Amino acid sequence: MRKQREGILFSVILMCLLSGCGAYTVPSSEAATVRHLDLTSQRADGMAAGLCVIDGSEDTPDASVIGEAACVFADDGTAVILQKNPFEKLYPASITKIMTALTAIRYGSLSDTVTVGDETVITEAGASLCRISPGDNLTLEQLLYGLMLPSGNDAAAAIAVAISGSIESFSQLMNDEAYRIGATDTHFVNPHGLHDENHYTTAYDLYLIMHEALREPIFRQIIGTSSYTAQYTDSSGTAKTQVWESSNQYLTGDRELPEGFSVIGGKTGTTKAAGYCLILAVDNQESEEYISVILKSDSRDHLYDSMNRIICEIGN
C-alpha cells in the first residue's frame, strides 16, 4: 500500500504551487472552509481545470425539487445545469462512502487480503451492513463492493483499519484527499457517514469528489453493478458466500430515468439528520456525462421524483 505521508506531501506541494505561496500550512479540519469563489482563479488553471466553477450567486431553485440542496453539472465542466444551495454544509450520510472508496482505491491494493477485526461490529440502530464478521478474510476489492452496494458500514470500518490502522487516521486521509481535489467545505470524521455533527460536506464538494472518483475504472465498475456475489473465508477457513444488492433504485429497476438517459452509477445515503440523499452519474444518447446530487430530501419517493425532475433540466 502507498504510504499516507506521500499523499499528504503531494497535497501540500500542489496547494503551494496553485496559490503561489512560499510556505503552506495544512489547515485544521475545522478551518478547511475556503470559499469556492476565492479559489476560482486557481481552479481555472490548476487542480479543477475542466470542472464547473460556481460562486453560488445564481441559484436556480425549483419548488418541485424537494431537498435542501440540489445540483446538476456536466461532468466535462462545460455547463452548470441547476444549482440550489450548492455551498450549504449538510450531512452526507452514506454518500460519504464515495470518498472512502476513492481513498481506498488510491492508497490500497485491490488484491490485498484483509482480515477484518472488531471494528466491523457496529450496533447502531438502523446502520446498513454487508454482514461481515471479525476474522473474515476478503480482498480489498470485495470490501469495496460490500461498501458501495449494500452500503456496508462494517465494510467501511474494515477498509479504514486495513489501510490506515484506525478509523481516525483513515478519516484524516480522506480529508487530505478531499482538500487536494478542492472539496474545501468538507470534513469527515468516519468512513461510513453515521451521524456526527462534525461530519459534513456540500452539494458542490460532492460533485468534485464524484468527478474525481469517476476517473477510476474500478469505481465506475463497482457503482454500475446491481448485484455482486462475494466468496471468501471466515476465521476458521470455512468458505462463505454472500450476495450484495445495490441500494440504488435506478440500478435495481425500481425506478426509471427520464427517456434518453442511462445510469452510470451513484450512491444513496440516509440518516435521520441527513434526510434522504442521492448522488448520481448519468449519460445521454450522445455519451455526455452528468453528475446530479440531492441532499436532505424528506422521503425516498420525493428524492427519486426530484432526481428525475432535475435530470430533465439537462438540455432545456
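The sections below set out a description of the structure shown in this document. (Residues numbered from 1 in each chain as written. Predicted model: local features only at pLDDT ≥ 70, side-chain atom pairs only at ≥ 80, totals over all residues. Heavy atoms only, no water.)

1. Quick look at the pattern of salt bridges
Line of reasoning, step 1. The full count for this structure, using the stated rule, is 10 salt bridges.
Line of reasoning, step 2. Across the salt bridge formed by Glu212 and Arg106, the nearest N and O atoms sit 2.9 Å from each other. Linking Glu212 in helix H7 (residues 203–213) with Arg106 in helix H3 (residues 96–107), this pair joins segments that are 106 residues apart in sequence.
Line of reasoning, step 3. With relative accessibility at 8%, the residue Glu212 sits in the buried group. (Salt bridge = Lys/Arg side-chain N within 4 Å of Asp/Glu carboxyl O. Helix = DSSP H or I, 4+ residues; strand = E, 2+ residues; numbered from the N terminus. Buried < 20%, exposed > 50% of the residue type's maximum accessible area, 1.4 Å probe, protein only.)

2. Points about the packing of aromatic side chains
Line of reasoning, step 1. Applying the stated criterion across every chain, the model contains seven aromatic pairs.
Line of reasoning, step 2. Plain terms: the ring middles of Tyr228 and Trp244 are 6.2 Å apart, the flat faces sit at 20° to each other, and that makes the pair stacked. With Tyr228 in strand E5 (residues 227–233) and Trp244 in strand E6 (residues 239–245), the pair connects residues that are 16 residues apart, well separated along the chain.
Line of reasoning, step 3. Its relative accessible area of 19% is what places Tyr228 among the buried residues.
Line of reasoning, step 4. Of the aromatic side chains, those joined through ring pairs into one cluster are Phe73, Phe87, Tyr204 and Tyr207. (Phe/Tyr/Trp six-rings, centres within 6.5 Å; stacked < 30°, edge-to-face > 60°.)

3. Describing the sheet that holds strand E8 (residues 275–284)
Line of reasoning, step 1. Spatially, E2-E1-E9-E8-E7 is the arrangement adopted by the five strands of the open sheet, whose pairing is antiparallel. Of all the strands in the sheet, the pair left with one neighbour each is strand E2 (80–84) and strand E7 (261–271). Mean inter-strand twist for the sheet, computed between neighbouring axes without regard to direction, equals 10°.
Line of reasoning, step 2. Judged from the 10 bridges that link them, E7 and E8 form a sheet pairing that is antiparallel. Paired with Val263 across the two strands is Val282, which belongs to E8.
Line of reasoning, step 3. Strand contacts of helix H10 (residues 300–311): strand E1 (69–74), E2, E7, E8 and strand E9 (289–297), with the helix running at about 145° to E9, the strand carrying the most contacts. (Pairing = 2+ DSSP bridges. Axes fitted to C-alpha atoms, helices over the stretch in contact; angles between N-to-C directions. Contact = heavy atoms within 4.5 Å.)

4. Digging into helix H4 (residues 140–148)
Because an α-helix completes one turn every 3.6 residues, residues spaced three or four positions apart along the sequence face the same direction.
Line of reasoning, step 1. H4 sits mainly inside the fold: eight of its nine residues count as buried.
Line of reasoning, step 2. Among the residues of H4, those classed as buried are Leu140, Gln142, Leu143, Leu144, Tyr145, Gly146, Leu147 and Met148.

5. Concerning the packing of H3 against helix H5 (residues 153–164)
Line of reasoning, step 1. H5 packs onto H3 with a crossing angle of 35° between their chain directions and a minimal axis gap of 11 Å. For the pair H3 and H5, the crossing hand works out as left-handed. From H3, Lys97, Thr100, Ala104 and Tyr107 reach across to H5, where they touch Asn153, Ile159 and Ile163.
Line of reasoning, step 2. For the contact of H3 with H5, the per-class residue count stands at four nonpolar, two polar and one charged. (Left-handed = near helix turned anticlockwise from the far one by under 90°. Nonpolar A, V, L, I, M, F, W, Y, C, P; charged D, E, K, R; others polar.)

6. Let's talk about the side chain of Thr268
Line of reasoning, step 1. Mapping Thr268 onto the fold places it in strand E7.
Line of reasoning, step 2. For Thr268, a relative accessible area of 12% puts it in the buried group.
Line of reasoning, step 3. Among the polar contacts made by the side chain of Thr268, one reaches the side chain of Ser247 at a distance of 2.8 Å.
Line of reasoning, step 4. With sequence-adjacent residues up to four places away left out, Thr268 is seen in contact with Ser94, Ile95, Ser247, Asn248, Cys277, Leu278 and Tyr304. (Polar contact = N/O pair within 3.5 Å; in protein donor to acceptor, adjacent residues only side chain to side chain.)

7. Regarding the pairing of E1
Consecutive side chains of a regular strand alternate in pointing toward one face of the sheet and then the other.
Line of reasoning, step 1. The buried fraction of E1 amounts to six of the six residues, a majority that puts the element mostly inside the structure.
Line of reasoning, step 2. With burial as the criterion, each face of E1 is covered, one bearing Ala69, Cys71 and Phe73 and the other bearing Ala70, Val72 and Ala74.
Line of reasoning, step 3. As paired strands, E1 and E9 are joined by six bridges and run antiparallel to one another. Bridge pairing in E9 places Phe73 opposite Ile291.

8. Considerations on the side chain of Asp234
Line of reasoning, step 1. Inspection of the secondary structure puts Asp234 in the loop between E5 and E6.
Line of reasoning, step 2. Although Asp234 lies buried, it forms no salt bridge, and the closest oppositely charged side chain, Lys240, sits 5.5 Å away as judged by the N-O distance.
Line of reasoning, step 3. There is a polar contact of 2.9 Å between the side chain of Asp234 and the backbone nitrogen of Thr238.
Line of reasoning, step 4. Beyond its immediate stretch of four places on either side in the chain, Asp234 contacts Gly135, Asp136, Asn137 and Lys240. (Lys, Arg positive; Asp, Glu negative; His and termini not counted.)

9. Focus: unusual backbone geometry
Most peptide bonds take the trans form, and the phi angle of most residues other than glycine is negative.
Line of reasoning, step 1. Here the phi dihedral of Asn85 falls at roughly 50°; this positive angle occurs in a residue that is not glycine.
Line of reasoning, step 2. We classify Asn85 as partly exposed; its relative accessible area is 25%.
Line of reasoning, step 3. The phi dihedral of Ser151 is positive, around 60°, even though this residue is not glycine.

10. Notes on helix H6 (residues 167–180)
Line of reasoning, step 1. Between its terminal C-alpha atoms H6 stretches 20 Å, which fits the 20 Å expected from 14 residues at 1.5 Å a residue.
Line of reasoning, step 2. Extensive coverage of H6 is indicated by the burial of 10 of its 14 residues.
Line of reasoning, step 3. Listing the buried residues of H6 in full gives Phe170, Ser171, Leu173, Met174, Asn175, Asp176, Glu177, Ala178, Tyr179 and Arg180.
Line of reasoning, step 4. At the C-terminal side of H6, Gly182 shows a positive phi close to 100°. (Expected span 1.5 Å × (residues − 1).)

Just geometry here; none of it tells us what the structure is for.
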